[in-house]
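Letter by letter, the chains look like this.
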Amino acid sequence: MALVAFKTKEKKINEQAPVERQTVYSTKKCNLWYGNHHALKNINLDMKEREVTAIIGPSGCGKSTYIKTLNRMVDLVPNVKTSGAIEYRGRNIFSKDFHVEELRTRVGMVFQKPNPFPKSIFENIAFGLRIHGIKNKKLIHETVEKSLRQAAIWDEVKDRLHDSAYGLSGGQQQRLCIARSLALEPDVLLMDEPTSALDPVSTLKVEELIQDLKEKYSIIIVTHNMQQASRISDKTAFFLNGEVVEYDDTYTIFNNPRDHRTEDYITGRFG
Amino acid sequence: MKTNDGQNQVQSLLEKKYQNGFLSRGEKVIPVLLFLMAAVSVVTTIGIVLTLIVETFTFFKQISIAEFLTKKDWYPFSKTDASYGVLPLLVGTLKITLIASITAVPIGLAVAIYLSEYASERVRKLMKPILEVLAGVPTIVYGFFALTFVTPLLRAIFPSLEMFNAVSPGIVVGMMIIPMIVSLSEDALSSVPDSVRQGALALGATKWEMTWRVAFPAALSGIMASIVLAISRAIGETMIVSIAGGSTPTASLDLTTSLQTMTSYIVQVSTGDAGFGTTIYYSIYAVGFTLFLFTLAMNMLAQRISRRFREEY
Ligand SMILES: Nc1ncnc2c1ncn2[C@@H]1O[C@H](COP(=O)(O)OP(=O)(O)OP(=O)(O)O)[C@@H](O)[C@H]1O
Ligand SMILES: [Mg+2]
């Protein structure tokens, strides 16, 4: 098979001592319509904590739609309808008594294009804490520093914390946005093509960062970059036309896929 | 071949153009014409300001600047002891401006935030033209609205209010500038990119937290500029105050009594029979010049603010 190029990542999970990983997200028979357009079709996926799950698939197959459904950002689109259930740690995210604000506080999101606030670097990170009622100045300062360190950008910004975030480069802005999410110590981090607007060096930094973060967080990442998916993820889901074609260990998806459409896609034979 | 002919034709036509110096004469005339038009408006403005200054000087030859600035009474019509202290007119203008701002700023901002962040597309499409109509109503109509509707209404609630007072025209001037605040502030809010809003919502912010702590500060420069411009419009407003505010220049801060503003004094003299060349005649230039300095300062402030707070997205 011509899949050798992706053999970079070994089956890490099996090598480690078996750990009991709980399910963070359990998607059950989930459908989504934009008006009449059926964008997600009967999705069934279980995602475990402290794993990196990559979502791959051709343009328009519903990757962003799915990841935006996980924190209900998709609610912002008018005329969206959903059916089925998505359970976050056992609670249905569509149920009335699960407020989106709580869900989005527990589940962070990093967007494709960096979107810092037009505020200082410090205030960008402190924002999440402030809106959730944290006033303790010392705690805020410590958390800002910790988050920036975690996002591997502290050294670059520590002398200019009170300058505008818009003075940062694109790659720095993206790591700032990651730090902004980390400040709330989320359980899950959703990332929609977080490196597609970045140069190779910044991309590498973000990838290393993801490797570090998975010690603590569950990460779900959409990517068009096959190498990236194979390098950084434990599980990979292949989406096509709003359906999940295959979902398995990343090693299996890239070396021994069951579905020929998966193979066609990752080898680039797909349209 | 036919196609070849066609090509040769294009070529020969272009050849003619090359030989004629390529550019038509019009291309050179247009910038000159446009410059002349611009020059006319600049010259007009300079002319107006010069007239204002020259006539103001004539006034100050008859009445000292010190008297104008420090005396506390404005009795230009008194035959025996006329007094030209501008303070009462300033106080009148400030009272109206203050009441108008208190009315217009909160309402204007609330409507702008509602339209840009909360209203559905349908409501927005309905509200915007209504606001534009409101902005197009002649001020004399607002003036009669103040005198015949707002004043009686207020007097029914507060019987101590006089027929001519500061509150009624102040509120109505406020109503007049609301559309301006709404329209400019709404533009400023709409220009904040949605990606920034989404960033806040994705951190678990409620809609109001997002609006108040992200969208509003991001649009602050435009919002402040809209407020300052609207206030400078209120300072210059004439008809509403002339009709509903009375014509009693007073330095008293009482809001329930008749007053006179700088602009309504100018109207009073212009429509009365003060002869050309009298001190009264020149006094309207001095008052007009004071007013001009006021609005100029406000406009400069607006520009300063929008430059100072400007956020690039
Ligand atoms: N706001 C929307 N309104 C209507 N249809 C939409 C909307 N957003 C996405 N769609 C449609 O839903 C489908 C899935 O879109 P989605 O953005 O999830 O694709 P994607 O897999 O993320 O693609 P890409 O790789 O290009 O980002 C597409 O057919 C798209 O046209
Ligand atoms: Mg996408």
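Because the structure is predicted, anything quoted here is derived from the model rather than measured.

Asker: Would you mind going over the packing of aromatic side chains with me for this structure?
Answerer: Note on aromatic pairs: each is described by the distance of the centres and the angle between the planes. By the definition in use, this model includes 18 aromatic pairs over all chains. Ring geometry for tyrosine 25 of chain A and tyrosine 88 of chain A: centres 5.4 Å apart, planes at 55°, overall tilted. Of the two residues, tyrosine 25 of chain A is situated in strand β1 (residues 23-34) and tyrosine 88 of chain A in strand β4 (residues 80-88); the sequence distance between them amounts to 63 residues. Take tyrosine 88 of chain A: its relative accessible area is 4%, and that puts it in the buried class. Centroid distance phenylalanine 238 of chain A to tyrosine 265 of chain A: 5.0 Å. Interplanar angle 25°. Geometry classified as stacked. Within this pair, whereas phenylalanine 238 of chain A is found in strand β9 (residues 235-240), its partner tyrosine 265 of chain A is found in helix α11 (residues 260-266), the two being separated by 27 residues in sequence. In this pair, the class of phenylalanine 238 of chain A matches that of tyrosine 265 of chain A, namely buried. Through successive ring pairs, a cluster of aromatic residues spans Phe59, Phe60, Phe68, Trp74, Tyr84 and Tyr265 of chain B. Taking the ring centre of phenylalanine 117 of chain A as reference, the NZ or CZ of arginine 180 of chain A above it sits at 4.3 Å. The positively charged end of lysine 207 of chain B is found above the aromatic ring belonging to tyrosine 118 of chain B, 5.1 Å away from the centroid.

Asker: What's the story with the state of the cysteines in this structure? I'm lost.
Answerer: Should the sulfur atoms of two cysteines be covalently bonded, the bond is a disulfide. This structure, assessed with the given rule, holds zero disulfides over all chains. There is no disulfide at cysteine 30 of chain A, and the cysteine sulfur nearest it, in cysteine 61 of chain A, is 15 Å away.

Asker: What am I meant to see in the interface of chain B and chain A here?
Answerer: Interface size is commonly expressed as the accessible surface area that is lost when the partners come together. With 19 residues of chain B in contact, the opposing surface of chain A contributes 23 residues. Approximately 1800 Å² of surface area, both sides summed, lies buried where chain B meets chain A, with 66% of it carried by carbon and sulfur atoms. In this structure, the connection of chain B to chain A is made through zero salt bridges. Counting only elements with at least two residues in the side of chain B that touches chain A, the list comes to α8 (194-201) and α9 (207-218) of chain B. In terms of residues, the side of chain B that touches chain A owes the most to one element, α8 of chain B, which gives six residues. Within the side of chain B that touches chain A, the residues separate by chemical class into ten nonpolar, five polar and four charged.

Asker: Explain the site of ligand 1 here, please?
Answerer: All names here are of chain A. Every one of the 13 residues lining ligand 1 counts as a neighbour, but Ser59, Lys63, Ser64, Thr65 and His224 are closest to it. Within the side chain of histidine 37, an N or O atom sits 3.1 Å from an oxygen atom of ligand 1. At 2.5 Å from an oxygen atom of ligand 1 is found a side-chain nitrogen or oxygen belonging to threonine 65. For ligand 1, whose unbound accessible area comes to 630 Å², protein coverage reaches 64%. Elements with a contribution of two residues or more to the shell around ligand 1: β2 (37-48) and α2 (63-70). When the residues that make up the shell around ligand 1 are grouped by side-chain class, the tally is four nonpolar, seven polar and two charged.

Asker: Mind showing me how you'd approach the domain arrangement of chain B here?
Answerer: Residues and elements named next belong to chain B. For chain B, the domain assignment lists domain 1 (2-62) and domain 2 (83-308). Relative placement of domain 1 and domain 2: their C-alpha centres are 38 Å apart. Facing ten residues of domain 1, the contacting portion of domain 2 comprises twelve residues. Contact with domain 2 buries surface across domain 1, with Leu52, Glu55 and Phe59 losing the most and accounting together for 56% of the total. Applying the counting rule to domain 1 against domain 2 returns zero salt bridges. Counting across the domain 1 and domain 2 interface gives two residue pairs in polar contact (both at pLDDT 80 or more). Its residues assigned to classes, the side of domain 1 that touches domain 2 shows five nonpolar, four polar and one charged.

Rules used throughout
- Residues numbered from 1 in each chain as written.
- Chains lettered and ligands numbered in written order.
- Predicted model: local features only at pLDDT ≥ 70, side-chain atom pairs only at ≥ 80, totals over all residues.
- Heavy atoms only, no water.
- Phe/Tyr/Trp six-rings, centres within 6.5 Å; stacked < 30°, edge-to-face > 60°.
- Helix = DSSP H or I, 4+ residues; strand = E, 2+ residues; numbered from the N terminus.
- Buried < 20%, exposed > 50% of the residue type's maximum accessible area, 1.4 Å probe, protein only.
- Lys NZ or Arg CZ within 6 Å of the ring centre and 35° of its normal.
- Disulfide = S-S within 2.5 Å.
- Contact = heavy atoms within 4.5 Å.
- Buried area = accessible area lost by both parts, 1.4 Å probe.
- Salt bridge = Lys/Arg side-chain N within 4 Å of Asp/Glu carboxyl O.
- Nonpolar A, V, L, I, M, F, W, Y, C, P; charged D, E, K, R; others polar.
- Near = heavy atom within 4 Å.
- Polar contact = N/O pair within 3.5 Å; in protein donor to acceptor, adjacent residues only side chain to side chain.
- Areas by Shrake-Rupley, 256 points an atom, 1.4 Å probe, with all protein chains shown as cover.
- Domains from an automatic or database assignment.

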